[in-house]
Amino acid sequence: MTVEAHWNGETIARSETTVMVEGNHYFPPASVNRGNLVHSSKTTHCPWKGDASYFSINAGGEMNTDAAWCYTDPKPKAEHIRDHIAFYGSVEIIES
């Protein structure tokens, strides 16, 4: 199965090897178009995954604030998603 993340007319990520965690597809780092991501100052904490860093998505001349996140230093139980990027909000996830 191929999974794609789309926003504002652009494909932000595409992979056949996403990792599903809590209903979210986590895309491997190499499958994400980093040119569309802008580091954000937002962070959150998950008791079992650790601290998440956020990105805004710049696509089609618009910005989608804090619409992607990743765990760069996850806790041991979340090691399998280290540096993988997940999306939410108005980002469309398509499975085919």
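All of these numbers come straight from a predicted model, not from anything done at the bench. (Residues numbered from 1 in each chain as written. Predicted model: local features only at pLDDT ≥ 70, side-chain atom pairs only at ≥ 80, totals over all residues. Heavy atoms only, no water.)

1. Overview of the packing of aromatic side chains
For clarity, the cut-off: Two rings from Phe, Tyr or Trp (for Trp, the six-membered ring) form a pair when their centres are within 6.5 Å of each other. A pair whose planes differ by under 30 degrees is stacked, one over 60 is edge-to-face, and the rest are tilted. Secondary structure elements are defined from DSSP: runs of H or I of at least 4 residues count as helices, runs of E of at least 2 residues count as strands, and each element is numbered from the N terminus. Each residue's exposure class comes from its accessible area (1.4 Å probe, protein chains only) as a fraction of the maximum for that residue type: buried when under 20%, exposed when over 50%, partly exposed otherwise. By definition, being over a ring means that NZ of Lys or CZ of Arg is both within 6 Å of the ring centre and within 35 degrees of the ring normal.
Applying the stated criterion to the full structure yields four aromatic pairs. Ring geometry for phenylalanine 27 versus phenylalanine 87: centroids 5.6 Å apart, planes at 70 degrees, classification edge-to-face. Note that phenylalanine 27 is positioned in the loop between β4 (24–26) and β5 (37–46) and phenylalanine 87 in strand β8 (residues 85–87), a separation of 60 residues in sequence. In this structure phenylalanine 27 comes out as buried when scored by relative accessible area, which is 0%. Through a chain of ring-to-ring contacts, the aromatic side chains of Tyr26, Tyr54, Trp69 and Tyr88 assemble into a single cluster. A cation sits over an aromatic face here: lysine 42 above tyrosine 54, 4.7 Å from the ring centre.

2. Quick look at the pairing of strand β6 (residues 50–59)
For the record, the criterion: When DSSP finds two or more bridges between a pair of strands, those strands are recorded as paired.
For β6, a buried count of seven out of ten residues is recorded, marking the element as mostly surrounded by other parts of the structure. Between β5 and β6, which pair antiparallel and follow one another directly, the connecting turn spans three residues. As consecutive antiparallel partners, β6 and strand β7 (residues 62–70) are separated by two residues, and within that stretch glycine 60 has a phi angle of approximately 60 degrees, a positive value.

3. Concerning the side chain of glutamate 4
So the rule is basically this: Side-chain atoms alone can form a polar contact between residues adjacent in sequence; in general such a contact is a pair of N or O atoms within 3.5 Å, and within protein one must be able to donate a hydrogen while the other accepts it. Contacts: residue pairs with any heavy atoms within 4.5 Å of one another.
Secondary-structure assignment places glutamate 4 in strand β1 (residues 3–7). Within the structure, glutamate 4 has its side chain in polar contact with the side chain of histidine 6 (distance 2.6 Å). Here the side chain of glutamate 4 touches arginine 14 through a polar contact of 3.1 Å, side chain to side chain. The residues contacting glutamate 4, other than those within four sequence positions of it, are Ala13, Arg14, Phe27, Glu92, Ile93 and Ile94.

4. Some words on the nonpolar core
The test is simple: By nonpolar core is meant a set of buried Ala, Val, Leu, Ile, Met, Phe, Trp, Tyr and Cys residues that side-chain atoms within 4.5 Å join together.
In this structure, Ile12, Leu37, Ile57, Ile85 and Phe87 are the most contacted members of the largest nonpolar core, which totals 17 residues. Those elements that place two or more of their residues in this core are β1, β2 (10–15), β6, β7 and β8. If you look at the next biggest cluster of nonpolar residues, it comprises eleven residues, including Val21, Ala52, Ala78 and Ile81.

5. Some details on the sheet that holds β5
Pairing between the strands of a sheet is mediated by backbone hydrogen bonds and can be parallel or antiparallel. To keep things clear, this is the line we draw: For every element, the axis is a line fit to its C-alpha atoms; helices are fit only across the contacting stretch, and the angle between N-to-C directions ranges from 0 to 180 degrees.
The four strands lie next to each other as β5-β6-β7-β8, forming an open sheet whose pairing is antiparallel. What marks the edges here is a single partner per strand, and that holds for β5 and β8. Ignoring which end each strand starts from, the neighbouring axes of this sheet average 35 degrees apart. With seven bridges joining them, β5 and β6 adopt antiparallel strand pairing. Of the residues in β6, the one forming a bridge with valine 38 is serine 56.

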